[in-house]
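Coordinates in review
For reference, the chains in residue letters:
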Amino acid sequence: MNLKRLFADQSIRNKLFISYFSGFVIALLLGSLVIYYFMRTTLRSNIEKELKGSTTSILNLVHTSASTSLKNYLRAIVEKNLDIVRQIHREVQLGLISEPEAKRRAASILLSQKIGASGYIYCIDSQGVLQVHPKPALRGVNISDYPFAQDQKLRKSGYLEYDWRNPDETEERPKTLQMIYFEPWDWIISASAY
């Protein structure tokens, strides 16, 4: 009640001033709240967009780095194994061993290597027939109906990525392959890994 009486005792000039000032303060507070809400929403939206963009960029960078590392790793493996096969082939040319013995020795060396947890080395010829494979039952099998094998026959050297499902699996997984060609034996030496 004291506030009402205090207001009633004021002059008209002071009453107008207090009324306008109160209205101005209320309008200022409401305007500030609206601006705060929109600014907060806009800033949050912009921050989320920036975070998503940064996350996507980082993921792309990691994927590219991993892919490049894997390509280089597999290329080094096939190049080293090409050197091994060439050395064994030189022994054939020098008459130290027969070609069938050289191929058995080379296959043994290639098959003794593991690439990561699930990778391996194999060789197909330019007809798409498996010459060297970790599973003996697959040696001599023509795999040229598979798109990746068709690509291998065509290119003979290079890098491939494809989806593959092993017979004991239910879903395809991405697989990578680096290959290099050894012409004297018509072997496409391939290092493959998931």
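Here the structure is shown first, and the text comes after it.
Overview of the structure.

The rules behind these values
Residues numbered from 1 in each chain as written. Predicted model: local features only at pLDDT ≥ 70, side-chain atom pairs only at ≥ 80, totals over all residues. Heavy atoms only, no water. Helix = DSSP H or I, 4+ residues; strand = E, 2+ residues; numbered from the N terminus. Rg over C-alpha atoms; globule rule 2.2 N^0.38 Å. Contact = heavy atoms within 4.5 Å. Areas by Shrake-Rupley, 256 points an atom, 1.4 Å probe, with all protein chains shown as cover. Pairing = 2+ DSSP bridges. Axes fitted to C-alpha atoms, helices over the stretch in contact; angles between N-to-C directions. Buried < 20%, exposed > 50% of the residue type's maximum accessible area, 1.4 Å probe, protein only. Polar contact = N/O pair within 3.5 Å; in protein donor to acceptor, adjacent residues only side chain to side chain. Parallel < 35°, antiparallel > 145°, perpendicular 65-115°, else oblique. Left-handed = near helix turned anticlockwise from the far one by under 90°. Nonpolar A, V, L, I, M, F, W, Y, C, P; charged D, E, K, R; others polar. Patch = residues over 30% accessible without salt bridge, like charges linked within 9 Å, V, L, I, M, F, W, Y side chains within 5 Å. Salt bridge = Lys/Arg side-chain N within 4 Å of Asp/Glu carboxyl O.

With that out of the way, let us pick up the overall build of the protein. Helix and strand counts for the protein come out as four helices and five strands. Taken from N to C terminus, the helices and strands of the protein fall in the order α-α-α-β-β-α-β-β-β. Over its C-alpha atoms the protein spans a radius of gyration of 37 Å, topping by over 25% the 16 Å that the globule rule assigns to 194 residues. Its C-alpha atoms put the protein at 125 × 35 × 25 Å along the principal axes. Across the protein, the fraction of contacts at a sequence separation of at least 24, relative to all contacts at a separation of at least 6, is 48%. Total accessible area on the protein is roughly 13,500 Å²; 59% of this is exposed by carbon and sulfur atoms.

In this section: the sheet that holds strand β3 (residues 158-164). Two strands in a sheet stick together by hydrogen bonds in their backbones, pointing the same way (parallel) or opposite ways (antiparallel). Strand order in the open sheet formed by five strands is β2-β1-β5-β4-β3, with antiparallel pairing between adjacent strands. Strands at the two margins of the open sheet, each flanked by one partner only, are β2 (130-132) and β3. Between one strand axis and the next, the sheet turns through 35° on average, direction left out of account. In the sheet, strand β1 (residues 120-124) pairs with β2 via two bridges, with the strands oriented antiparallel.

This next bit is on the side chain of serine 190. Looking at the secondary structure, you find serine 190 in strand β5 (residues 187-193). Its relative accessible area of 0% is what places serine 190 among the buried residues. Among the polar contacts made by the side chain of serine 190, one reaches the main-chain carbonyl oxygen of isoleucine 188 at a distance of 3.3 Å. If near-sequence neighbours (up to four positions away) are discounted, serine 190 is found in contact with Val78, Tyr120, Ile121, Tyr122, Gln152, Leu177, Gln178 and Met179.

Relative to each other, helix α2 (residues 12-93) and helix α3 (residues 99-111) sit at 160°, their axes nearing to 9 Å. One finds that α2 runs roughly antiparallel with respect to α3. Judged by the twist between their axes, the crossing of α2 over α3 is right-handed. Residues Asn81, Ile84, Val85, Ile88, Glu91 and Val92 of α2 touch α3, and the partners they reach there are Glu99, Ala102, Arg105, Ala106, Ile109 and Leu110. Of the residues assigned to the contact of α2 with α3, the class counts are eight nonpolar, one polar and three charged.

A cluster of nonpolar side chains, contributed by Phe7, Phe17, Ile18, Phe21, Phe24, Val25, Leu28 and Leu29, occupies part of the molecular surface with about 770 Å² of accessible area. As for its placement among the helices and strands, phenylalanine 21 is situated in helix α2. Judged by relative accessible area, which is 47%, phenylalanine 21 ranks as partly exposed.

On to the pattern of salt bridges. Between side chains of opposite charge, a pair can form when the charged atoms approach closely. Enumeration according to the criterion identifies seven salt bridges in this entry. Arginine 155 serves as the salt-bridge partner of aspartate 151, at 3.6 Å between the closest nitrogen and oxygen. Pair noted here: aspartate 151 and arginine 155 are both in helix α4 (residues 147-155), with a separation of four residues, about one helical turn. Of the charged contacts in the structure, one is a salt bridge between glutamate 169 and arginine 173, with a shortest N-O distance of 2.8 Å.

In terms of residue burial, β5 counts as a mostly covered element, since seven of its seven residues are buried. Here β1 pairs with β5 via five bridges, running antiparallel. Bridging across to β5, cysteine 123 finds its partner in isoleucine 189. With seven bridges joining them, strand β4 (residues 173-182) and β5 adopt antiparallel strand pairing. In the strand pairing of β5, leucine 177 is matched with serine 192. What sits between β4 and β5 in their antiparallel hairpin is a turn of four residues, with aspartate 186 showing a positive phi close to 55°.

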